[in-house]
Amino acid sequence: MSSCATERLERERTAHAFAAWGVSVLLLTALPVTADEPDTTDADAVAAFEARAEFTLGARFYVIDSPQDNDNIGGFWDQYRQTRKKNADPPTFIDVLHSDLGLARDDDTWLLHLESWSPNANNDHVAVDAGDGGVEIDIDYRRYRSEDLRVFPEGTFQGQNPPSPIFPFGTEYTPDASDAEVLDSNRRLFLQRTGIHGELRFRPEGFDLDLPLLAEASLRSGFERRKGFRQDRFLLDIVELAPSNQRFRGNRRKLDQEVSNVGGAVVVSPGGDWVTDFDVSFESFREKADPVLFSDIAASDPSIPTPTGNTALRAFDFVPNTDRVSGSMRVAGPVGPASVQAGAFATHLKQTNKAPLQRSLGIDKQALTTWSAHLGFDLPLTDGAKALGKVGLNGFAKFSERLNDLDENDFEGNRQIAPILRRRSELEAQLELTARPLPGALVGTGYRFDSVDRNLRYAAPPGVIQPPLSLVEKDGQTHTVYLRARTRLLRRMQLRGELGWQYAPQRSFPRDPTYTVYFDGRGSYTLPRPFPLTLSVYGGVRDGHGNGKVLTGESTQARKDLDRLQWSYGATATALPMRRVSLTLSFIEQRDEQDFPYLRTDVPRTAGPSFTNFLPGTERPHYRSDVKSLANSLHLKLPADVDLRLFSSVSWVRADYSDARSDSSNTSRVLESASEVKSRILSAGSGVGWTAREGLRFDLGYRFDDYVDHRDRGALIDPDDRRHTFTVAMTVDLGVFSGAARTRR
């Protein structure tokens, strides 16, 4: 369906597209819209069907601003709509952008249906479904490629020593190639996914079979191939290298992955209104590319001493091969006046290969098992026939557990930077009382409970993490009480909201709040005059506070409380000011603000409490993220079967650090330098379509995409990405041609 890698195949592809375009026009003009009705005088029953076919043939032309008009660079927009051969003059793409064809019954349902999409040169999607009576089959094929942005951290100095002995992190970029080859086209970072999945369903009732219990059975299978390259980003530890050699690494790692799965499901009706379904599946993941070892990194950088023994066998971002078996069961039905739902789920994931260092250390156990069970109910407490004043009780409970079957022998002489999680159990529950005091109104009050229990294992010191210095707690618990309501006023106004309070007497992590107050609400109003107008609004706020965590032996005993304020709101207006005009306008904003003292250390916490130091209370970094987005669209139907479409969207993204108490905070400046985000993302476009005659339509389109990074990222790469896309398309409906399928009585 889509792009080829050579110029010869590209020319053939273009020729085929134009040929298909011409043949479609000839068929449209030469063939009638509807064929004669089939002869139904035969004694056999005649089931009529229609052959339908519609194609959209189109071409896209791209104009991309420098320096992103180079195949060597993956731009911001290539992450979502990768453009092939950006250095062409100009880059083009010609293909069947959309097709929709098959055999349709006289009730407009499909007997056989195929639909495909090709929005760009490296993106295809084909869906096929067929069915008649009790058997249905679905096949789905997808091919997609995305580019990944190469990262050069703030403070990068090619070929220079770190400028500061205090903060040497992220100061030199050392890829797996020389500086001249970093942006070479043969070293691009991308991921290409190709996969096909299918499902076969069987329903006895479609064959007039009365099988006991069985309502439906299905089988499914799939396969996906992932090929490409990804950038591993890491910083070598101070224990391994002298501070002058600490630097950011940007190694390019090859990916060659295969994912295959098979499964099945059955739906049974044991009697009455009860329904039960069972599902089982198996999935296999295989990585065929070789792992990247510490010895490989050292070979590309002469400043790294040649590693030996187990140090040389360390792998970066190792992805293990795995097999996973899963099964689930769900059941639903009535118990007296109540409706009940219950179910269970279990999965077992096992590593099927070993990293080089795992083999050297004799680490054998690498598996985990997860299971869960849940029960829910909805019980009316008053006469269900009367809506007004109706009172009900509903609730659910879910228990889940994760068991890690792992070797407790860690790398390099039991040097652990975190405890080993042997088991994690969680209980979630909710109970709610609802009532309908007025017509169209519902109020409810309820209680939620969440409890987590962890079995943590700590190795014997020295050189390993211990409970007093661990940032993970064994237990966690949260209680929530809330009040919610929804109502319809004047038939045109709808309102709903929830107000709640959360209390966590036991927190799992230092960044979890102890107290939280939250509110979420939304509403809509329809104004019929002077023209139809619907306005929808929503908003929410969460205000949380956490009591400071104290690490045993830390040198700074200042308050280390967490404060976090999150809020968001949005509005959407949809209007029909004229009979041929529709307009939509929306705006949203999301904001997150946090105050929390960071842990400052230049050695691992495994070294002991004397090396652990929280920032003092006078240095309390303030983090803020703010995202705003504005979007609008206009659809205008003009005379002579012409319609006009306009759209635009713009987003502003901001994230930064500051110190709410002191402008001289070194920590805030360091975090700001490495983590600040300040960008603007803009998309706008227009399209005009003309229906020349029944079954023939022409479209012209234009799209402008612009990404601007307002920060100075240095001379290595300019992340700004601006491009123009022009589209020319023709949609041809080949008409409806009647046929007949004869079936015996």
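Everything discussed here concerns the structure shown above.
Right, let's walk through the structure included here. (Residues numbered from 1 in each chain as written. Predicted model: local features only at pLDDT ≥ 70, side-chain atom pairs only at ≥ 80, totals over all residues. Heavy atoms only, no water.)

Remarks on the overall build of the protein chain
Across its full length, the protein chain holds 6 helices and 31 strands. Taking all 745 residues of the protein chain together, the buried fraction comes to 35%. Considering only intrachain contacts with a sequence separation of at least 6, the fraction spanning at least 24 residues in the protein chain is 66%. Counting only carbon and sulfur atoms, one obtains 58% of the accessible surface of the protein chain, whose full area is about 40100 Å². (Helix = DSSP H or I, 4+ residues; strand = E, 2+ residues; numbered from the N terminus. Buried < 20%, exposed > 50% of the residue type's maximum accessible area, 1.4 Å probe, protein only. Contact = heavy atoms within 4.5 Å. Areas by Shrake-Rupley, 256 points an atom, 1.4 Å probe, with all protein chains shown as cover.)

Concerning unusual backbone geometry
Cis geometry is found at the peptide bond from serine 66 to proline 67, where omega equals 5°. By secondary structure assignment, the location of proline 67 is in the loop between strand E1 (45-64) and strand E2 (92-105). Note the cis peptide between arginine 529 and proline 530, where omega equals 5°. Relative to the elements of secondary structure, proline 530 occurs in the loop between strand E21 (515-527) and strand E22 (533-546). The backbone of lysine 85 sits at a positive phi, close to 55°, despite the residue not being glycine. Along the polypeptide, lysine 85 turns up in the loop between E1 and E2. We classify lysine 85 as partly exposed; its relative accessible area is 22%. Of note, aspartate 208 is a non-glycine position whose phi angle comes to about 55°, a positive value.

Points about the environment of serine 372
On the secondary structure map, serine 372 appears in strand E15 (residues 366-380). Along the primary structure serine 372 and serine 328 are separated by 44 residues, whereas in three dimensions their C-alpha atoms are 9.4 Å apart. Ignoring sequence-local partners within four residues, the contact set of serine 372 consists of Gly343, Ala344, Phe345, Lys398, Phe399 and Ser400.

Quick word on the side chain of aspartate 721
Considering the arrangement of structural elements, one finds aspartate 721 in strand E31 (residues 721-743). Among the polar contacts listed, one links the side chain of aspartate 721 to the backbone nitrogen of tryptophan 77, at a separation of 3.1 Å. (Polar contact = N/O pair within 3.5 Å; in protein donor to acceptor, adjacent residues only side chain to side chain.)

Considering a nonpolar patch on the surface
Judged by side-chain polarity, Val135, Ile137, Ile139, Ile196, Leu200, Phe207, Leu209, Leu211, Leu219 and Phe223 come together as a nonpolar surface patch covering roughly 820 Å² of accessible area. Residue assignment for the nonpolar patch shows that the elements contributing at least two residues are strand E5 (135-147), strand E7 (190-202) and strand E8 (214-235). Of all the elements, E5 adds the most residues to the nonpolar patch, at 3 residues. Among the secondary structure elements, isoleucine 137 is positioned in strand E5. (Patch = residues over 30% accessible without salt bridge, like charges linked within 9 Å, V, L, I, M, F, W, Y side chains within 5 Å. Salt bridge = Lys/Arg side-chain N within 4 Å of Asp/Glu carboxyl O.)

Remarks on the packing of aromatic side chains
Aromatic ring pairs: the centre-centre distance and the angle between the two ring planes describe each pair. Within this structure, the stated rule accounts for 14 aromatic pairs. Ring centres 5.5 Å apart and planes at 55° place the aromatic pair tryptophan 371 and phenylalanine 399 in the tilted group. Residue tryptophan 371 is found in strand E15, and its partner phenylalanine 399 is found in strand E16 (residues 391-406); the two are separated by 28 residues along the sequence. Here phenylalanine 399 falls in the partly exposed class, since its relative accessible area comes to 29%. Aromatic side chains tryptophan 501 and tyrosine 503 sit 6.0 Å apart centroid to centroid with 5° between the ring planes, which places their arrangement in the stacked category. Each residue in the set Phe76, Trp77, Tyr80 and Tyr707 is aromatic and connected to the rest through ring pairs, giving one cluster. Geometry around phenylalanine 190 places arginine 145 over its ring, the cationic atom sitting 3.9 Å from the centre. Its end group placed over the ring of tyrosine 482, arginine 448 keeps NZ or CZ at 4.1 Å from the ring centre. (Phe/Tyr/Trp six-rings, centres within 6.5 Å; stacked < 30°, edge-to-face > 60°. Lys NZ or Arg CZ within 6 Å of the ring centre and 35° of its normal.)

So, the pairing of strand E14 (residues 338-351)
For strand E13 (residues 322-335) and E14, the ladder comprises 14 bridges, and the chain directions are antiparallel. Its bridge partner being in E14, glycine 333 is matched across the sheet by valine 340. The antiparallel pairing of E13 with E14 creates a hairpin that spans 2 residues between the two strands, and glycine 336 there sits at a positive phi of about 65°. Bridge analysis of E14 against E15 gives 12 bridges, and the strand direction is antiparallel. Bridge pairing links alanine 344 to alanine 373 in E15. (Pairing = 2+ DSSP bridges.)

Focus: the pattern of salt bridges
In the structure shown here, the tally under the stated rule is 49 salt bridges. A salt bridge links arginine 722 to aspartate 65; its shortest N-O distance comes to 4.0 Å. Residue arginine 722 is found in strand E31, and its partner aspartate 65 is found in the loop between E1 and E2; the two are separated by 657 residues along the sequence. The class of arginine 722 is partly exposed, set by a relative accessible area of 35%. Note that glutamate 589 is salt-bridged to lysine 628, the shortest N-O span being 3.7 Å. Taken together, the positions of glutamate 589 in strand E24 (residues 581-595) and lysine 628 in strand E27 (residues 621-638) put the pair 39 residues apart, joining distant regions of the chain. For lysine 628, a relative accessible area of 28% puts it in the partly exposed group.

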